[in-house]
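# A look at the structure
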Number of protein chains: 4
Amino acid sequence: MVRTQITLVQIDNYGPWTVTPEPRCEADLQTLQAQLYVDLVQLVGSQSGYLFYTRFDNMIGLTNGLDRDDHTRIQDSVRNRYPISVSMSVATAQTPKEALSIATDGLQKTGSAQDETRRSVLYSEVIDTDERTADDVEIAHFDVIDATRQYTDELDAFDAFLRIMRGYLLLAEYLYDNHAALTFFIGGDNMITVSPDLGEEVYQRTINHVDETVGIPLQVGIGQGPTARRAGMAAKHALETCRQHDTRVEEAAANHDGTTSN
Amino acid sequence: MVRTQITLVQIDNYGPWTVTPEPRCEADLQTLQAQLYVDLVQLVGSQSGYLFYTRFDNMIGLTNGLDRDDHTRIQDSVRNRYPISVSMSVATAQTPKEALSIATDGLQKTGSAQDETRRSVLYSEVIDTDERTADDVEIAHFDVIDATRQYTDELDAFDAFLRIMRGYLLLAEYLYDNHAALTFFIGGDNMITVSPDLGEEVYQRTINHVDETVGIPLQVGIGQGPTARRAGMAAKHALETCRQHDTRVEEAAANHDGTTSN
Amino acid sequence: MVRTQITLVQIDNYGPWTVTPEPRCEADLQTLQAQLYVDLVQLVGSQSGYLFYTRFDNMIGLTNGLDRDDHTRIQDSVRNRYPISVSMSVATAQTPKEALSIATDGLQKTGSAQDETRRSVLYSEVIDTDERTADDVEIAHFDVIDATRQYTDELDAFDAFLRIMRGYLLLAEYLYDNHAALTFFIGGDNMITVSPDLGEEVYQRTINHVDETVGIPLQVGIGQGPTARRAGMAAKHALETCRQHDTRVEEAAANHDGTTSN
Amino acid sequence: MVRTQITLVQIDNYGPWTVTPEPRCEADLQTLQAQLYVDLVQLVGSQSGYLFYTRFDNMIGLTNGLDRDDHTRIQDSVRNRYPISVSMSVATAQTPKEALSIATDGLQKTGSAQDETRRSVLYSEVIDTDERTADDVEIAHFDVIDATRQYTDELDAFDAFLRIMRGYLLLAEYLYDNHAALTFFIGGDNMITVSPDLGEEVYQRTINHVDETVGIPLQVGIGQGPTARRAGMAAKHALETCRQHDTRVEEAAANHDGTTSN
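Residues numbered from 1 in each chain as written. Chains lettered and ligands numbered in written order. Predicted model: local features only at pLDDT ≥ 70, side-chain atom pairs only at ≥ 80, totals over all residues. Heavy atoms only, no water.

Here we take up the relation of the copies chain B and chain A. Screw-axis analysis of chain B against chain A gives a translation of 0.0 Å along the axis, an RMSD of 0.0 Å, and a rotation angle of 180°. Taken together, the rotation and translation relating the two chain copies correspond to the operation of a two-fold axis. Of every C-alpha in chain B, the one belonging to Ala-34 of chain B sits nearest the axis of rotation, 3.0 Å from it. A share of 100% of interface residues in chain B that are also interface residues in chain A marks the association as one of identical surfaces. (Least-squares fit on C-alpha atoms with pLDDT ≥ 70 in both. Contact = heavy atoms within 4.5 Å.)

Below you can see the structure in the form of structure tokens.
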């Protein structure tokens, strides 16, 4: 049974900071945001979690396996190395959507994203270690069939980008509205969905919907595991099976993630 | 008169590399991509250019002021520090769309994005120094009116994200299709358009279109300058005027960018 | 009883790589080396270990608490993100000197640092989890008394640097030759010694020796703990006591490290 | 004629910050310092300068070719991305020692390194563009003959490190005291000297002195150029000649730096 632990990361009072006392250099802001993402994705990743950049000032993590102390340390690290601080909110539920909703709610109650006095708040409801199971996390890894030949090598680079974004946005909206799942664009033509336990049929219908609506043909590998890393790696291997066998949806066998540790 | 110099940056043979010999750890790939963006945005930025992450394996730069040698050095730096290399293509035209189209074409002619033998190619048509003018670049900087109160502090974090993405995608498509401009999401609720010389009225119509179609209220500051940095800083100051005067569209006076150098 | 786990990290075949096919840009090499250190110090640090940059192409870690899998993951991360790979060798002994000697020996047996075929070797003898104790690690944190007033604000910056280096080198040689300890310069006027269980008297004699020989007055805080992080934090708090009470040597009370986790 | 432009970079009030309100996590401080070095070495390097980490809280740059605006931008970038700020002082003289002495003096006059109110000070005396010449900079690049076979593959890693440090410190002291040059350890077994115009004989005597005193056999390549990058690259090529011809001292022919730009 899937029990997703989601972490919402929010830079404290970021908007006002970017224009005080004067608007700051955009290249510096881009560097700051992306560097923060680099550091957090590494720190979360070293504990087998995933982090998605989303809006950069609001990032969303899949953090099964990280406890309250792990989150505190990451916050301390940010405060020790950046001119800004981050608040975090962690929650768990059977669907990623619900977990994020609880996490968002927990954070909003502590104050506004632009509250000058809110600094490094941590609201957390992590899963107890002894309640964790081997299939707490489900991840689906999508990519666009033949994207390099059909888009990158063929279209104007912005046109190619817009088409992939259109496919991504539709996919994300469909899975969020109908299946309480959270979908993230992760670069190239790749998208990752953090899902409740959905089953191959749902993914097949989803792919059909995207193809019919915006003409973007997707394939998907699905994996489960105790952590984002293991579920994600299983999903990647399943996606490789799609590529080899020319299929559209593949689910990894249980505990077949190609790795030996968490 | 606007003469936009656009650089297309493409990681060579990236897709195959990410799954050879086995799929690589996603946290590492995210770190690699974002770190590459951090380094390139700094290097391009140190010469007063802008770089946008777009698909991460394909990035788009606004590079007025960088010459062929500057590009070569950045490529060398990537080759010296990363397990991958990047090809680049630089072109100039009166509209950003046309410049990117020429740049894409130039790169595609040198080989596929997944050509195993294509490494660090550079196709370049940079603007001669003595042909550069004080208003070669026009930048529009948008944000969502009252985004923190209406979205971040109010909605579920993913719902807020999806709405902003929906607004962004519509804005980008509209300006690309109708005005040959390139629009990038740069984090939070901010978007930057690299435009030909458009005029306030076009921006007003654009904002109306986005508001009427998806209900996202935008405001925009417009700036011009010899480089991305100066045009962008002028646009930011103009956007501050929107915020202070509660207006929707503001254009910076000529050469009023709040900075003293390029 | 102290049982130090030391990790030797060595970039594979680095020297030849830096000049093939031509000497590479020094700024790029400096960036590469320091970035590698940044990443490794974060990854080792997220598991409560310390890493010292030493020669940059050979780094030394204090890694009590990291197991074989943790090391493997760090190696994978380097291979996924850098143009070079690192070999590692882990060993444990009652003195840091002996542990490093075993680790060095283990690595040398797998091939030369400039062996073209040696890639990402891992030789490891980590401490079993159930054999770990609360005082496996001892750290001494030194700084120069009144360094800012006497050196930084008074001398030419290079002169100040040379004096501190002279003090550091003497300290490192003395503690290595006489007490089987490893001492690292960590920036500013700070030095950290990874020691066997030495006792305050030894540190007092050491400080006297450095002061008499090169005229650099040191103070030191000593801490113990199950990991580098906890021992190191205890040592820092003890050094604060020196600063407040104007004493030269302070040892933290057992388990008084100012933190609550490992 | 050599005219060295030296920049002293100093983190403002760093020591007190590292222990306020409590001592900060050492892994975070190491990450912060090294990341700052990574960023500054890239930014200085993108303008063809060199930066050396020295004490990390005090860094020394060879900055011929960077003007006052370049320095200001780097300071802004630090302030926009770090929890600390840096002050800088730039000076020019016929010897590096004198330039650094003037720069240090200029900075000390603005306040103490631990002055709470001193923030991002910039004292600068840069070389006018029209006074720059093709041989303003001289760099000597040293390494230890046969270091891998004699040290890295043979000795305990710390013993090897101490020997190289001993050689480095002697070299640095000798060249500073006798020839007004600044010498930096740059990793592995490599050292770079920023020198006035010295001539091969001086380098030969220097090498003999180090070999006779501490038994470390060095070889050296010497290069000149308008910037650190070009002089440094010429020196590297000259050092390659040493390696190929088994000689101890080689000087690059004028303007033979293997590159085509500055």
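Taken together, the contact pairs 14 residues of chain A with 14 residues of chain D. Of the roughly 1,100 Å² buried where chain A meets chain D, counting both sides, 46% is carbon and sulfur surface. The largest per-residue losses of area from chain A upon contact with chain D belong to Asp-28, Asn-80 and Arg-81 of chain A, which jointly make up 54% of the total buried on that side. Inspection of the chain A/chain D interface yields zero salt bridges. (Buried area = accessible area lost by both parts, 1.4 Å probe. Salt bridge = Lys/Arg side-chain N within 4 Å of Asp/Glu carboxyl O.)

What follows deals with the interface of chain B and chain A. Counting from both sides, the interface comprises 72 residues of chain B and, opposite them, 72 residues of chain A. Taking both sides of the interface into account, the surface hidden between chain B and chain A amounts to around 5,900 Å²; carbon and sulfur atoms contribute 63%. On the chain B side of the interface with chain A, the three residues burying the most area are Glu-26, Arg-55 and Phe-158 of chain B, jointly 13% of the side's total. Inspection of the region where chain B meets chain A yields four salt bridges. One salt bridge connects Arg-166 of chain B with Glu-173 of chain A, and the closest N-O pair in it is separated by 2.3 Å. For the interface between chain B and chain A, the tally reads 32 residue pairs in polar contact (both at pLDDT 80 or more). Looking at the side of chain B that touches chain A, the elements with two or more residues in it are strand S1 (4-11), helix H2 (26-45), strand S3 (58-62), helix H4 (96-109), helix H5 (147-152), helix H6 (157-179), strand S7 (182-185) and helix H8 (228-245) of chain B. Top contributing element to the side of chain B that touches chain A by residue count: H6 of chain B, with 14 residues. Within the side of chain B that touches chain A, the residues separate by chemical class into 34 nonpolar, 21 polar and 17 charged. (Polar contact = N/O pair within 3.5 Å; in protein donor to acceptor, adjacent residues only side chain to side chain. Helix = DSSP H or I, 4+ residues; strand = E, 2+ residues; numbered from the N terminus. Nonpolar A, V, L, I, M, F, W, Y, C, P; charged D, E, K, R; others polar.)

Between chain A and chain D, which share one sequence, the superposing operator has a rotation angle of 180° and an axial displacement of 0.0 Å; the RMSD is 0.0 Å. By residue overlap, the copies meet face to face through one surface: 100% of the interface positions of chain A are interface positions in chain D.

Within this structure, the stated rule accounts for 50 aromatic pairs over all chains. Seen from their ring centres, Tyr-176 of chain A and Phe-158 of chain B are 5.2 Å apart, and the 45° between their planes marks the pair as tilted. Placement of the pair is Tyr-176 of chain A in helix H6 (residues 157-179) and Phe-158 of chain B in helix H6, with the two residues belonging to separate chains. The exposure class of Tyr-176 of chain A is buried, given its relative accessible area of 5%. (Phe/Tyr/Trp six-rings, centres within 6.5 Å; stacked < 30°, edge-to-face > 60°. Buried < 20%, exposed > 50% of the residue type's maximum accessible area, 1.4 Å probe, protein only.)

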